[in-house]
Structure formats: C-alpha cells, structure tokens
Amino acid sequence: MTAAPPITRIAHADVTRDQDLTTEEVSAVLALAAEVKKSPERYRTALAGKSIAMLFEKPSLRTRITFELAIQELGGFAVNYDGPIGAREPLRDMARNLDRWVHAIVARTFRQQTVDDMADWAEVPVINALSDMYHPCQALADMQTLQERFGSVKGLKLAFIGDGNNVAHSLMLNAAQLGMDFALATPERYEASQAIIDEVHAINARLGGKLVVTTDPAVAAAGAQAIYTDVWASMGEEDEAAERRTAFAEYQIDEGLFKMAAPNAVFMHCLPARRGEEVTDGVIESPRSVVFDQAENRLHAQKALLLMLMS
Ligand code: CP
Ligand code: NVA
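Residues numbered from 1 in each chain as written. Chains lettered and ligands numbered in written order. Predicted model: local features only at pLDDT ≥ 70, side-chain atom pairs only at ≥ 80, totals over all residues. Heavy atoms only, no water.

Novice: Which parts of the structure should I look at to understand the overall build of the protein?
Specialist: Helix and strand counts for the protein stand at 12 helices and nine strands. By the compact-globule yardstick of 19 Å for 311 residues, the protein fits well, its C-alpha radius of gyration being 19 Å. Expressed as a percentage of its 311 residues, the buried residues of the protein come to 57%. By sequence separation, contacts in the protein at least 24 residues apart represent 76% of the contacts at least 6 residues apart. As displayed, the protein offers around 12,900 Å² of accessible surface, 53% of which is attributable to carbon and sulfur atoms. Separation of charge centres in the protein, based on 30 positive and 43 negative side chains, amounts to 5 Å. (Helix = DSSP H or I, 4+ residues; strand = E, 2+ residues; numbered from the N terminus. Rg over C-alpha atoms; globule rule 2.2 N^0.38 Å. Buried < 20%, exposed > 50% of the residue type's maximum accessible area, 1.4 Å probe, protein only. Contact = heavy atoms within 4.5 Å. Areas by Shrake-Rupley, 256 points an atom, 1.4 Å probe, with all protein chains shown as cover. Lys, Arg positive; Asp, Glu negative; His and termini not counted. Charge placed at Lys NZ, Arg CZ, Asp CG, Glu CD.)

Novice: Looking at this structure, how should I read unusual backbone geometry?
Specialist: Phi is mostly negative for residues that are not glycine, and the peptide bonds are mostly trans. The linkage connecting Leu271 with the following residue, Pro272, adopts the cis geometry, with an omega of 5 degrees. Structurally, Pro272 can be placed in the loop between strand 9 (266–269) and helix 11 (281–284). Residue Leu130 is not a glycine yet carries a positive backbone phi of 120 degrees. Examined against the element boundaries, Leu130 turns out to sit in the loop between strand 4 (126–128) and helix 5 (136–150). Looking at Leu130, the relative accessible area reads 6%, which means it is buried. One non-glycine residue with positive phi stands out, namely Leu271, at about 65 degrees.

Novice: When you look at the site of ligand 1 in this model, what are you seeing that I'm missing?
Specialist: Lining the immediate environment of ligand 1, one finds Ser60, Leu61, Arg62, Thr63, Arg108, His135, Gln138, Cys270, Leu271 and Arg298. Take Arg62: an N or O atom from its side chain is 2.8 Å from an oxygen atom of ligand 1. A distance of 2.8 Å separates a nitrogen atom of ligand 1 from a polar backbone atom of Leu271. Protein burial of ligand 1: of its 250 Å² of free accessible surface, 95% is covered by the chains. Of the residues contributing to the shell around ligand 1, the split by class is three nonpolar, four polar and three charged. (Near = heavy atom within 4 Å. Polar contact = N/O pair within 3.5 Å; in protein donor to acceptor, adjacent residues only side chain to side chain. Nonpolar A, V, L, I, M, F, W, Y, C, P; charged D, E, K, R; others polar.)

Novice: Even after reading the chapter, I still don't get the site of ligand 2, so can you show me in this structure?
Specialist: Residues in contact with ligand 2, as listed here, are Leu130, Asn166, Val167, Asp230, Val231, Ser234, Met235 and Leu271. Measuring from a nitrogen atom of ligand 2, one finds a side-chain N or O atom of Asp230 at 2.6 Å. Within the backbone of Met235, an N or O atom sits 2.8 Å from an oxygen atom of ligand 2. A total of 270 Å² of accessible area belongs to ligand 2 in isolation, and the protein chains cover 95% of it. The residue makeup of the shell around ligand 2, split by class, is five nonpolar, two polar and one charged.

Novice: Can you help me understand the pattern of salt bridges in this one?
Specialist: If the charged atoms of two oppositely charged side chains come close together, the side chains can form a pair. What the rule picks out here adds up to 17 salt bridges. A salt bridge links Arg96 to Asp93, with the nearest nitrogen and oxygen atoms 3.0 Å apart. Of this pair, Arg96 and Asp93 are both found in helix 3 (residues 91–101), three residues apart, which corresponds to roughly one turn of the helix. Under the relative-accessibility criterion, Asp93 is labelled partly exposed at 29%. The closest approach of N and O atoms between Lys210 and Asp181, which form a salt bridge, is 3.5 Å. Within this pair, whereas Lys210 is found in the loop between helix 7 (194–207) and strand 7 (211–214), its partner Asp181 is found in strand 6 (residues 181–185), the two being separated by 29 residues in sequence. The class for Asp181 is buried, based on a relative accessible area of 16%. A cluster of three or more residues bridged by salt bridges with shared partners is formed by Asp163, Glu237, Glu240 and Arg244. (Salt bridge = Lys/Arg side-chain N within 4 Å of Asp/Glu carboxyl O.)

Right, dumping it as structure tokens:
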C-alpha cells in the first residue's frame, strides 16, 4: 500500500464558522474527505490516544452518530455531554475543565456566541456542530456530495429555497469558496444575514461565483443543478411552527418547482425533513434525491476536518 498523502493542518485553531477555512482549506478538506472515504483503513490510528468531548444543547441523529463513529474509526475516543452550556456553571469554567481532559471539543449550541465563547476559552480546537448561524460540517458534506455527483462544481448553480438561517448561511459561503453560483429564495422576514450575503459577494468578486437573492422560488430554481431546502422551523423555533407554515407555504419543493431545475438536477436536504411541509414525499423519495448521500458524507467530511485540526 502506498503511503497516505500528507495532511495539511488548518491554520485557524477552531472551526466555529465557515469563514475559519480558507478557499484552499475548503478544497483540501474535500480532497481528504474523498480519500478517507476511499481508504478508511489508512486512518484507523490517526487519532490514537486522542479524546474528544461532544457537547449537545439540542437533539441530533446524524451529527452525533457520525462524529462519534468518525472519532472511533480514527482511533480516538468520544465522550458525550448533553444539556445547556453555561447554566450549571460559567461557560469559561466548563471550557477550562474540558481542555485539561480532551484534545478537541465538538459543540452543538443554540447560539453562535456560545460556540465562539467555548473556542475563546478552551485551548483545544472547537468545532461547530450546528448553531443558529452556521452548520459548517453539513455544508462540507454537501459539497462532497455535489463533487461526487458532478465532478467539478465550479460554475454549477445551487438553489436554496426556504429559511435563510444556519444551513443556508454555511452553504452559500462554501458554494462561493468553490466558485459556484448560488440562488437564495426566502420569504420576507426570513432572509439570510445581510453580513453573510455581503461576505459571499466579496468571495464571489475574487472567485467568480454569482449570488442571486430573491423572494421568488421559481427564480431560484430555474436551471439549477441542485435544489436544497431545510425545515421551516428550526430547533428552538417549534412554537413558531404554525406561523412559519403560513409564511413558507409557497416555498415547498414539489414536483412542479423541481421541474424548473436543470434536467440533471439533484434534490438536497440536510435532514431531518418534514414531508408535506418543505418538500413533498414524491421529491424526497425520487431517484434525483441525494439526501442519504449527504448524510453518509457527514462521516467522511468530519473525519477530514478532525484530521486537519488535530493530527
Ligand atoms: N443534518 C443534521 O445535522 O442532522 P442532525 O440534527 O440529526 O444531527
Ligand atoms: N435548520 C435546522 C437544521 C437541522 C440540521 C435546525 O437548526 O434545526
């Protein structure tokens, strides 16, 4: 067996937001993710002797299981903590306990400020496993999925139709880093952060992608190679579900809207999905749906991220 290619280290100490990765690092994570997917046996001891704390303020299936498996399959050890961060004791004390015991922290938090504060106080790398603002691990797995499907993704159009929050933010930043065009359709009052839109325009000026922001789902879907959506009410917003069902009613990805995309388009969703709300059963179960490829790639993309932050 030839030697595994060298692993480049991510320059930033933490990945709490997509902007912590440079353009080159995004491509390097994706290349390593493809390599660990192809040859997992090469990395079985890469994190031997390393322990990682996984802190979850919110529920999870994919993120929790894929991080735990990724850590185990790299030879490391994962330990779980469920509950609010900074409630029983100050966050800065929690961070300074954890960094005496573990070599990295994975944190799913309600507020971005919480994961940023954890990164500020802990000496070890901190990875954002979903906050209100970002879902960087999801977006990396999604870009890996698109690369597998289309080869180079530069110049392809990714349309996100739905709520302009965490998943949309991370996707638009990663798409820009890879030179993709991005169309974002959100209802009024549920727009993406203007600061992130501005950052995406700045990346596009450098790398050539285009960003269209609209309230019209048909404009976003037209000719896209991928149509992506997410739940209308995120975790922590359950009491707004009825109001959001009304606001997002015209934003469902159904067969009619999906037909406006390119003939080779794929349907994407981070999951969990609410069939009959943001997507019809027919679209998510169609042969064009790649939602389980996305879920599978969470494992590989997170292995790559851990290796590039820790090994
Ligand atoms: N897509 C995703 O992050 O799923 P979980 O909430 O189950 O982790
Ligand atoms: N926007 C969703 C994503 C879940 C993976 C949420 O925050 O609940």
